[in-house]
Amino acid sequence: MKSLLRRAALMLPLALLTWTSLLPASALAALQPAEQSKIPKELRIGFQKSSVNLTLLKHRHALEQQLKGVKVTWFEFTAGPQMLEALSVGSIDFATTGEPPPIFAQAAGSNLVYVGAEPAKPAVSAILVKQDSVIKNLVDLKGKKIAFQKGSSAHYHVLRVVQQAGLQWSDITPVYLAPADARAAFERGSVDAWAIWDPYWAAIEQNTKPRVLVTGVGLVNNLSHYLSSRSFADQYPKLIQLLFEELTKSDTFVQKNRTEAIAIVAASTGLDKPTIAAFLERRPRSPVVYLTPNIIEEQQRVADNFYQQKLIPKSVNVKDATWTPPASVSTNKL
């Protein structure tokens, strides 16, 4: 447990250092007229309510301003698994999810690749129970129904809680529901607990005020991964770099202009400002970086845990689904 916390604490400084080495000028600005073919005619981006950097990027219109002649289209999804289904069939080009969705997708034979990540955010997820619930500690989850999105970060959170409690996966009854359906089931008492992430957690927290049984701190890292198809990443590496630059600028905006950022995210998600304020308070600084060995190793640990518990049909080698930018991008020789 202590080693998990140390890895989470070390990952953010490493990510910031990695990003700092990549930042002199826009990747797009380096393209000569003869290289304009390296930019697609259309860029289709998947995001969800928790995708703060993408939400701010969409609002800023930075891509539309820099990618002249490129149609930038945004698609909102309920959760990561649904988004990666769209990525796998070629309906979108670029997406972000938590740790488990790409593992489940890779186990199912998807051709997606990891292209980058944001640092750990262990505090943005929780397992909730009603205020009057008989569930007082983790062991009390034995025999209980727990709602969560299958293949999501919440799925791994539940697995880690079960393990922390000394239980077996068969000791609980998982109820696989998307966030909105899971909340409805939780509120009417059809399930005993709900594993969820922000801003869905912050939303119910502002209203019915459930009791937090446990957060992700000390149990899960909750990294956000950025994904694409290998063909898209190979063909447009400088576009990937441009996306990372602009996403990191979005994160800087969130840190320096919190009141305005709250208003923007609230308008985009349809959630109220107190909900978004609570969400952003739990969210640490989140620049976007290329993959590091530590990030890949941590993702492999998550994948191995799912396989050992027979929650995915086969083992996966995360490295097989990673993408390395060309030297002209990664060493900043644009």
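Residues numbered from 1 in each chain as written. Predicted model: local features only at pLDDT ≥ 70, side-chain atom pairs only at ≥ 80, totals over all residues. Heavy atoms only, no water.

Participant: I'd love a proper account of the environment of Leu-138, names of residues and values included.
Facilitator: Mapped onto the fold, Leu-138 is located in the loop between strand S5 (125–129) and strand S6 (145–148). On a C-alpha basis, the gap between Leu-138 and Gln-164 in space is 7.8 Å, while along the polypeptide they are 26 residues apart. Leave out the neighbours within four places in its chain, and Leu-138 touches Val-161, Gln-164, Ala-165, Leu-167, Leu-213 and Val-214. (Helix = DSSP H or I, 4+ residues; strand = E, 2+ residues; numbered from the N terminus. Contact = heavy atoms within 4.5 Å.)

Participant: Can you explain the packing of helix H2 (residues 52–60) against helix H11 (residues 258–269)? Please cite residues and give values.
Facilitator: Their axes nearest at 10 Å, the elements H2 and H11 cross at an angle of 90°. The angle between H2 and H11 places the two elements in the roughly perpendicular class. Between H2, through Thr-55, Leu-56 and His-59, and H11, the contact on the second element is made entirely by Ile-264, Val-265 and Ser-268. The class makeup of the residues in the contact of H2 with H11 is three nonpolar, three polar and no charged. (Axes fitted to C-alpha atoms, helices over the stretch in contact; angles between N-to-C directions. Parallel < 35°, antiparallel > 145°, perpendicular 65-115°, else oblique. Nonpolar A, V, L, I, M, F, W, Y, C, P; charged D, E, K, R; others polar.)

Participant: Describe unusual backbone geometry, naming the residues involved and giving the relevant values.
Facilitator: Looking along the chain, the bond that leaves Asp-198 and enters Pro-199 is cis, with omega of 5°. Checked against the element boundaries, Pro-199 lands in the loop between strand S8 (193–197) and helix H8 (200–207). Although it is not a glycine, Asn-222 adopts a positive phi angle of roughly 55°. Here Asn-222 lies in the loop between strand S9 (211–215) and strand S10 (224–229). Judged by relative accessible area, which is 8%, Asn-222 ranks as buried. (Buried < 20%, exposed > 50% of the residue type's maximum accessible area, 1.4 Å probe, protein only.)

Participant: Describe the pattern of salt bridges, naming the residues involved and giving the relevant values.
Facilitator: Two side chains with opposite charge may pair up if their charged atoms get near one another. Taken as a whole and judged by the stated rule, the model has ten salt bridges. Salt-bridge contacts for Arg-282 lead to Asp-198; the nearest nitrogen and oxygen are separated by 2.8 Å. Here Asp-198 lies in the loop between S8 and H8 and Arg-282 lies in helix H12 (residues 273–282), a separation of 84 residues in the sequence. With a relative accessible area of 19%, Arg-282 lands in the buried category. Overall, Asp-198 belongs to the buried group, its relative accessible area being 2%. With its nearest N and O atoms 3.0 Å apart, the salt bridge here joins Glu-298 to Arg-301. Of this pair, Glu-298 and Arg-301 both sit in helix H13 (residues 293–308), separated by three residues, roughly a single helical turn. Shared partners join several salt bridges into a network, and the residues in it are Arg-60, Glu-246 and Lys-249. (Salt bridge = Lys/Arg side-chain N within 4 Å of Asp/Glu carboxyl O.)

Participant: For the packing of aromatic side chains, give the residues involved together with the corresponding values.
Facilitator: As enumerated under the stated definition, the model contains twelve aromatic pairs in all. Between Phe-94 and Tyr-226, the ring centres sit 5.5 Å apart and the planes meet at 25°, which makes this aromatic pair stacked. Of the two residues, Phe-94 sits in strand S3 (residues 94–97) while Tyr-226 sits in strand S10, which places them 132 residues apart along the sequence. The buried category is assigned to Phe-94, whose relative accessible area is 0%. Their ring planes at 50° and their centres at 5.1 Å tell us that Phe-244 and Tyr-290 sit as a pair that is tilted. (Phe/Tyr/Trp six-rings, centres within 6.5 Å; stacked < 30°, edge-to-face > 60°.)

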